Amino acid sequence: GALAFADEADANEVLSTLRNDPRVVAASIYDNNGTILAKYPVDAPPNLFPTTPENQGYQFGESEVVAFQPVIHDGRRLGTVYLKSDLSAMTERFRLYAILVACVVAASILVAFILSNWLQRRISKPILDLTHTVRRIAEKQDYSLRAAKFGDQEIGLLADSFNDMLEQIQQRDGALRRKEEEIGKL
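Not measured: the values here are computed from a predicted model. (Residues numbered from 1 in each chain as written. Predicted model: local features only at pLDDT ≥ 70, side-chain atom pairs only at ≥ 80, totals over all residues. Heavy atoms only, no water.)

1. Describing the overall build of the chain
Turning to step 1, where the next piece is worked out: When its secondary structure is counted, the chain shows three helices and five strands.
Turning to step 2, where the next piece is worked out: Each helix and strand of the chain, placed in order from N terminus to C terminus, yields the pattern α-β-β-β-β-β-α-α.
Turning to step 3, where the next piece is worked out: A compact globule built from 186 residues would reach a C-alpha radius of gyration of about 16 Å, whereas the chain, at 43 Å, exceeds it by more than 25%.
Turning to step 4, where the next piece is worked out: Across its three principal axes, the chain shows a C-alpha extent of roughly 135 × 35 × 25 Å.
Turning to step 5, where the next piece is worked out: Taking contacts inside the chain between residues at least 6 apart in sequence as the whole, the part at least 24 apart equals 40%.
Turning to step 6, where the next piece is worked out: About 13,700 Å² of surface is accessible on the chain, with carbon and sulfur atoms providing 57% of the total.
Turning to step 7, where the next piece is worked out: Measuring between centres, the 21 positive side-chain charges of the chain sit 13 Å from its 25 negative side-chain charges. (Helix = DSSP H or I, 4+ residues; strand = E, 2+ residues; numbered from the N terminus. Rg over C-alpha atoms; globule rule 2.2 N^0.38 Å. Contact = heavy atoms within 4.5 Å. Areas by Shrake-Rupley, 256 points an atom, 1.4 Å probe, with all protein chains shown as cover. Lys, Arg positive; Asp, Glu negative; His and termini not counted. Charge placed at Lys NZ, Arg CZ, Asp CG, Glu CD.)

2. Structural notes on the nonpolar core
Turning to step 1, where the next piece is worked out: The biggest cluster of nonpolar side chains holds eight residues, and these are Ala11, Leu15, Val24, Ala27, Ile29, Leu37, Ala38 and Tyr40.
Turning to step 2, where the next piece is worked out: Elements represented by at least two residues in this core include exactly helix H1 (8–16), strand S1 (24–31) and strand S2 (36–40).
Turning to step 3, where the next piece is worked out: Excluding residues within four positions of it along the chain, Tyr40 makes contact with Leu15, Ser16, Leu18, Arg19, Val24, Val25, Ala26, Ala27 and Phe49. (Core = buried A, V, L, I, M, F, W, Y, C linked by side-chain atoms within 4.5 Å. Buried < 20%, exposed > 50% of the residue type's maximum accessible area, 1.4 Å probe, protein only.)

3. A short note on a nonpolar patch on the surface
Turning to step 1, where the next piece is worked out: Taken together, the side chains of Met90, Phe94, Leu96, Tyr97, Leu100 and Val104 make up a nonpolar region of the molecular surface, amounting to roughly 610 Å² of accessible area.
Turning to step 2, where the next piece is worked out: Here Phe94 is to be found in helix H2 (residues 88–140).
Turning to step 3, where the next piece is worked out: Residue Phe94 is classed as exposed on the basis of its relative accessible area of 51%. (Patch = residues over 30% accessible without salt bridge, like charges linked within 9 Å, V, L, I, M, F, W, Y side chains within 5 Å. Salt bridge = Lys/Arg side-chain N within 4 Å of Asp/Glu carboxyl O.)

4. Examining the sheet that holds S1
Turning to step 1, where the next piece is worked out: Here we have five strands laid out as an open sheet, ordered S2-S1-S5-S4-S3, and antiparallel in their pairing. In the strand order of this sheet, the two ends are held by S2 and strand S3 (57–60), each with one partner. The average angle at which neighbouring strand axes cross in this sheet is 10°, direction not considered.
Turning to step 2, where the next piece is worked out: The pairing of strand S4 (residues 64–73) with strand S5 (residues 76–86) spans 10 bridges and is antiparallel. The residue bridging Phe68 from the neighbouring strand is Tyr82, located in S5.
Turning to step 3, where the next piece is worked out: Relative to S2, H1 is tilted by about 30°, and along the sheet it contacts S1 and S2. (Pairing = 2+ DSSP bridges. Axes fitted to C-alpha atoms, helices over the stretch in contact; angles between N-to-C directions.)

5. Details of H2
Turning to step 1, where the next piece is worked out: Here H2 spans 75 Å end to end across 53 residues, near enough to the 78 Å set by a 1.5 Å rise per residue.
Turning to step 2, where the next piece is worked out: A bend of about 30° at Ser124 is the largest found in H2, and the proline Pro126 appears one to four places after it.
Turning to step 3, where the next piece is worked out: Inspection of H2 places Pro126, Leu130, Thr133 and Ile137 among the buried residues, and these make up the whole buried set.
Turning to step 4, where the next piece is worked out: Packed against the buried residues of H2 are helix H3 (154–185).
Turning to step 5, where the next piece is worked out: Backbone geometry just after H2 places Gln141 at a positive phi near 55°. (Expected span 1.5 Å × (residues − 1). Bend = angle between axes of the 7 residues up to and from the residue.)

6. Here we look at the environment of Val66
Turning to step 1, where the next piece is worked out: Here Val66 shows up in strand S4.
Turning to step 2, where the next piece is worked out: Taking the C-alpha atoms as reference, Val66 lies 71 Å from Gly156; in sequence the two are 90 residues apart.
Turning to step 3, where the next piece is worked out: Those residues in contact with Val66, other than ones at most four positions away along the chain, are Gly57, Tyr58, Gln59, Tyr82, Leu83 and Lys84.

7. Points about the pairing of S3
Turning to step 1, where the next piece is worked out: Sheet topology note: the S3/S4 ladder contains four bridges and is antiparallel. Along S4, the bridge assignment pairs Tyr58 with Ala67.
Turning to step 2, where the next piece is worked out: Adjacent in sequence and paired antiparallel, S3 and S4 are bridged by three residues.

8. Considerations on the side chain of Thr80
Turning to step 1, where the next piece is worked out: Secondary-structure assignment places Thr80 in strand S5.
Turning to step 2, where the next piece is worked out: Within the local environment of Thr80, its side chain forms a polar contact with the side chain of Arg77, the two groups lying 2.6 Å apart.
Turning to step 3, where the next piece is worked out: Those residues in contact with Thr80, other than ones at most four positions away along the chain, are Ser28, Ile29, Tyr30, Pro53, Phe68, Gln69, Pro70 and Val71. (Polar contact = N/O pair within 3.5 Å; in protein donor to acceptor, adjacent residues only side chain to side chain.)

Here is the structure:
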């Protein structure tokens, strides 16, 4: 309406609603001849606004985005709206997302490390204990030693089988010693 009737006061009132958005740096409404009808902020220096409206679209700078949008009514172009906004909110959001991603990655690495240590102890400890028992038996020739059993799964089954084998060796060893003693008495 402001453009259709070239109402500068109405156009300024429309643009004054932009004060609620702190990211808006500048805005203006151009009439169909390319003359500024209204601008925001009203007291902004003229060099803050392009002298004539550019083609429709968006242009991104390092810290700002500029938009030119034609105002069309009943198929007739009435003018153009110019809006310049800083990208601080988007930059802050990207920074927040980067921190969030870094925290998630760090937490994932920590959980993986803790889980791998727990699994390693759960799997390696029984095998290391069995290895230690085997070394002691080999060094001392003491077949009365037994491997500790950890659960009823594969490692526990291995410890049971190893202990059964030790039991049989101990019985045979005992039988051999008794035979040697009997032979020694004859």
